[in-house]
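Chain residues, written in single-letter form:
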Amino acid sequence: MHDKTLTELAAGLQAGEFSSRELCQAALERIEHLDGELNSFITVTAEQALANADAADRAREAGDAGPLAGLPLALKDIFCTQGVRTSCGSKMLDDFVSPYDATVVEKLRQAGTINLGKTNMDEFAMGSSNENSFYGPVKNPWDLSAVPGGSSGGSAAAVAAGLVPAALGTDTGGSIRQPAAFCGITGLKPTYGRVSRYGMVAYASSLDQGGPMARTAADCALLLETIAGHDVRDSTSVARVVPDYSAELDTSLAGLKIGLPKEYFGDGLDPEVETAVREAIKVYESLGAKVCEVSLPHTHLAIPAYYVIAPAEASSNLSRYDGVRFGHRCEDPTDLEDLYKRTRAEGFGEEVKRRILIGTHTLSEGFFDAYYLKAQQVRRLIRQDFLDAFDEVDVLMGPTAPTPAFDLGAQKDPVSMYLQDIYTIAVNLAGIPGISVPAGFAGKRPVGLQVLAPHFAEAQLLGVAHQFQQATDWHLKRPAFGKEMA
Ligand code: GLN
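Bear in mind that the values here come from a model prediction, so they are computed numbers and not experimental data.

## Re the site of the ligand
As a matter of local geometry, the ligand sits amid 15 residues, with Thr-172, Gly-173, Ser-175, Tyr-203 and Tyr-306 nearest to it. The contact in question runs from an oxygen atom of the ligand to an N or O atom on the side chain of Tyr-306, over 2.6 Å. Between the ligand and Arg-355 there is a distance of 2.8 Å, counted from an oxygen atom to a side-chain nitrogen or oxygen. About the coverage of the ligand: the protein hides 99% of its 290 Å² of free accessible area.

## Details of the UniProt feature "active site" (unreviewed entry) in the protein chain
Annotation from UniProt places "active site" (unreviewed entry) at Lys-76, Ser-151 and Ser-175. The annotated residues occupy 100 residues of the chain but converge on a single region, no pair of C-alpha atoms lying more than 10.9 Å apart. Note on placement: Lys-76 falls in strand 2 (residues 72-76). Not counting residues up to four positions away in its chain, the partners in contact with Lys-76 are Lys-118, Thr-119, Met-121, Ala-125, Ser-151, Ser-152, Ser-155, Leu-168, Gly-169, Thr-170 and Ser-175.

## Focus on the packing of helix 7 (residues 217-227) against helix 15 (residues 458-471)
Remark: helix 7 packs on helix 15, axes separated minimally by 8 Å, with the N-to-C direction vectors making an angle of 155°. By the criterion of interaxial angle, the relationship of helix 7 to helix 15 is roughly antiparallel. Across the interface between the two elements, Ala-217, Ala-218, Cys-220, Ala-221 and Leu-224 from helix 7 touch Glu-458, Leu-462, Ala-465, His-466 and Gln-469 from helix 15.

## Section: the nonpolar core
Side chains of nonpolar character tend, in soluble globular proteins, to be buried together. Counting residues in each nonpolar core, the largest one holds 111 residues, and the members touching the most others are Phe-124, Phe-386, Met-397 and Leu-462. Beyond its immediate sequence surroundings of up to four residues, Met-397 is in contact with Ile-258, Gly-259, Leu-260, Pro-261, Phe-265, Ile-281, Tyr-284, Leu-449, Gln-450, Val-451 and Val-464. Among the nonpolar cores identified, the runner-up in size contains 30 residues, and Ile-31, Ala-74, Ile-114 and Ala-158 belong to it.

## Concerning the side chain of Ser-237
Of note, Ser-237 is situated in the loop between helix 7 and strand 7 (257-261). A distance of 2.8 Å separates a polar side-chain atom of Ser-237 from the backbone oxygen of Asp-234.

## Observations concerning the pattern of salt bridges
Within this structure, the stated rule accounts for 20 salt bridges. With a closest N to O distance of 2.8 Å, Asp-171 and Arg-177 form a salt bridge. No difference in accessibility class separates Asp-171 from Arg-177, as the two residues are buried. Asp-231 is paired through a salt bridge with Arg-233; the nearest N and O atoms lie 3.5 Å apart. Since its relative accessible area comes to 37%, Arg-233 is described here as partly exposed. Shared partners join several salt bridges into a network, and the residues in it are Glu-350, Glu-351, Arg-354 and Arg-355.

## Digging into the packing of aromatic side chains
Summed over all chains, the structure comprises 16 aromatic pairs. Seen in terms of ring centroids, Tyr-321 and Phe-348 are 6.2 Å apart; in terms of plane orientation they differ by 85°. Their pairing is edge-to-face. Here the residue Tyr-321 occupies a position in the loop between helix 9 (302-317) and helix 10 (336-347), and Phe-348 occupies one in the loop between helix 10 and helix 11 (350-362), the gap between them amounting to 27 residues. Take Tyr-321 and Phe-348: they sit in the same class, and that class is buried. Following the ring pairs from residue to residue traces out a cluster consisting of Phe-96, Phe-124, Tyr-321, Phe-326 and Phe-348.

Quick notes on the rules
- Residues numbered from 1 in each chain as written.
- Predicted model: local features only at pLDDT ≥ 70, side-chain atom pairs only at ≥ 80, totals over all residues.
- Heavy atoms only, no water.
- Near = heavy atom within 4 Å.
- Polar contact = N/O pair within 3.5 Å; in protein donor to acceptor, adjacent residues only side chain to side chain.
- Areas by Shrake-Rupley, 256 points an atom, 1.4 Å probe, with all protein chains shown as cover.
- UniProt positions renumbered as here; feature names shortened; annotations may be inferred.
- Helix = DSSP H or I, 4+ residues; strand = E, 2+ residues; numbered from the N terminus.
- Contact = heavy atoms within 4.5 Å.
- Axes fitted to C-alpha atoms, helices over the stretch in contact; angles between N-to-C directions.
- Parallel < 35°, antiparallel > 145°, perpendicular 65-115°, else oblique.
- Core = buried A, V, L, I, M, F, W, Y, C linked by side-chain atoms within 4.5 Å.
- Buried < 20%, exposed > 50% of the residue type's maximum accessible area, 1.4 Å probe, protein only.
- Salt bridge = Lys/Arg side-chain N within 4 Å of Asp/Glu carboxyl O.
- Phe/Tyr/Trp six-rings, centres within 6.5 Å; stacked < 30°, edge-to-face > 60°.

Pasting the structure below:
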């Protein structure tokens, strides 16, 4: 059962081949046996899941179940879940239990899906390797000595290892797409504003966006149409009709114009990754697409602009963790200042502290114009690069990350870790959607093809990814890890 896609499992439930209880039980057993090694979950909610599975089975018998009812999923531990701990990978929120559900959690529950638990992540979603988690690193099921990517590394590893058929992640600078690439699954970052951020612990509010991580584009379509839409509780969510993404997957690629940004094939790109991506593009050509080179001239400014804007927003968002209202509180504070200082010194990890310091600095008087304002101007130019490119082509393609998954512990220097985000980060600055699709291997480690489209063109993006998956079988490959289990 663990080899199946969400779409196949939905059909199996519908046909009565197995019950939701059987499905969830099997997934929970895999988690129990395999996750000691992977560490992809922070919290597993077995009892609650089985009770909800029984309810989904009863609803189905009564003819009352929607197409997703009874399907097991996992949530990155950044989505607030009523009554279940939401840690955000941080000691600061180690005992935080949200009094409400995030909008996407509510929508998934209304659709009848079963949450099996909360997945591991870099603390406050800051990282590209999942090594910044208070709960320890996650391993890549394709190669246990490699990282799964980050910050949604737990979600990616759990899907890749067949612990769950799909999971939600969040992407502020690549955190859905890069772990999807490293773990050989499909991950979609929607347009900024497509999916409500209400109840998603804030990292950098102008960049954060939740989205699906699954085996196939078709599965991502099913999830996106469930979670997308306007939300009165998130003023940045956009009031725009949510298309029936699943119904639009079968678009023809004949005449599709693909642009290859020349900046995405330059220095620093691993040759095996490049080969896999170029092979994937040939597949598109064979399916009738036309390929040309384009330029995104401000690409080299994306990392510096992002690493000013994201820490600035983070320093402001994370000021709420002061030991007063919720989260960690230091023992016996002598006064208010002592409470703040020790609570924050104890509760936050090293990378989070680094970003709070950077952000506080760039927002301070005398530096604001030189850093923050400048970065916002650069952001505008980066966005314009994409808009200009989409005047010429329908979609852009390139590698999701410059290298395959690297070894655990290999990236010791924060700046070299930030360079991992070179192809993903500009997409968040521009607010456009992007998807990572399995496109081959570099040795044992998967390679992702990134496809980008104009704002709100998720239907096109999913269709373009789906057509590739009809013609290739990279998304069907499974790691040897956990194969022995049913
Ligand atoms: N790696 C990037 C960072 O550390 C992106 C993280 C994300 O998308 N949440 O900020």
